[in-house]
Amino acid sequence: MELEEKITKAILDASHKYWDELLDLDVAVIGGGPSGLTAAKYLAEKDLNVAVFERHLAFGGGTWGGGMGHPEIVIEKPADEILRAFGIKLVPVKGTGLYTANSVEVAAKLGAGTIDAGAKILTGIVVEDLVLREDRVGGIVINTYAIEKAGLHVDPLALMAKYVVDATGHEASVVNILARKNPELGIKIYGEKSMWVEKAEKLLIDNTKEIYPGLFVTGMAASAVYGSYRMGAIFGGMYLSGKKCAEEIFKKLDKR
């Protein structure tokens, strides 16, 4: 066997094993931004089979660019405890109760910490539909981002999941798919309001919930679905939302 063949075989064999473990997930998290990665990390720490599906080739969502391209984000208590658990360095802002963190370090360590906890992260994958079973979401229908961008008529694949998390950010694309394809469910997406940081941070946590049996919303997807406010480059609510989402799902799985 030539080296070129060995390389190809090694990739295909490892990939087959990797994908085989995705066929029946405990939780499929759609979107590799701050709330999605946080949720996946806390779920995976409970020994659940968790995978994050990110449409782009890089995870982290809007974290990388910080505030208007300045490589810093802001967080507040008690979200600082979550970032410390990822090993992220925080710099207190004197007299404010706020912290700054380097946006590139945050994105990189969120991803690494999520993988270290046992979750899988797949990039270049889009969710184009959901699997419905007995009046609940039971899985995801996926394709590659490259196929979607090329506009090719290529059939997708399906992966089963006990719970699906919409962590797709401002678009709330997973909930929008469910609402558009199944209007009889009566799901309404209100859309995100203008910036109001104090209210946005609190309401984000309140709106992190199961919107339809088997489907949770977290992060800015929750704000978009329930018509809450945006908050800009303060990210504490995102991490707290992801953690709450994980806790709520774990409670439901524990009862099954």
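Scope of this entry: the structure provided in the associated data block. On a predicted model such as this, the values are computed, not experimentally measured, just so you know. (Residues numbered from 1 in each chain as written. Predicted model: local features only at pLDDT ≥ 70, side-chain atom pairs only at ≥ 80, totals over all residues. Heavy atoms only, no water.)

What follows covers the pattern of salt bridges. Counted by the stated rule, this structure contains 14 salt bridges. Here Lys109 and Glu105 are joined by a salt bridge, their closest N and O atoms 2.8 Å apart. Highlighted residues: Lys109 and Glu105, both in helix 4 (residues 103-116), separated by four residues, approximately one helical turn. Residue classification places Glu105 among the buried positions, given a relative accessible area of 13%. As a salt-bridge pair, Lys251 and Glu248 come within 3.3 Å of each other at their nearest N and O atoms. Here the residue Lys251 and the residue Glu248 both occupy positions in helix 9 (residues 236-255), the gap between them amounting to three residues, near one helical turn. What you see here is one network of salt bridges that share partners, running through Lys17, Glu21 and Lys120. (Salt bridge = Lys/Arg side-chain N within 4 Å of Asp/Glu carboxyl O. Helix = DSSP H or I, 4+ residues; strand = E, 2+ residues; numbered from the N terminus. Buried < 20%, exposed > 50% of the residue type's maximum accessible area, 1.4 Å probe, protein only.)

What follows deals with the packing of helix 2 (residues 34-44) against helix 4. Running from N to C, helix 2 and helix 4 cross one another at 25°; their axes reach a closest spacing of 8 Å. Put simply, helix 2 runs roughly parallel to helix 4. In this structure, the crossing between helix 2 and helix 4 has a hand that is left-handed. Facing helix 2, whose interface residues are Pro34, Leu37, Thr38, Ala40 and Lys41, helix 4 presents Leu110, Gly111, Gly113 and Thr114. By residue class, the composition of the contact of helix 2 with helix 4 is four nonpolar, four polar and one charged. (Axes fitted to C-alpha atoms, helices over the stretch in contact; angles between N-to-C directions. Parallel < 35°, antiparallel > 145°, perpendicular 65-115°, else oblique. Left-handed = near helix turned anticlockwise from the far one by under 90°. Contact = heavy atoms within 4.5 Å. Nonpolar A, V, L, I, M, F, W, Y, C, P; charged D, E, K, R; others polar.)

Treat this as a map of the structure, not an account of what it does.
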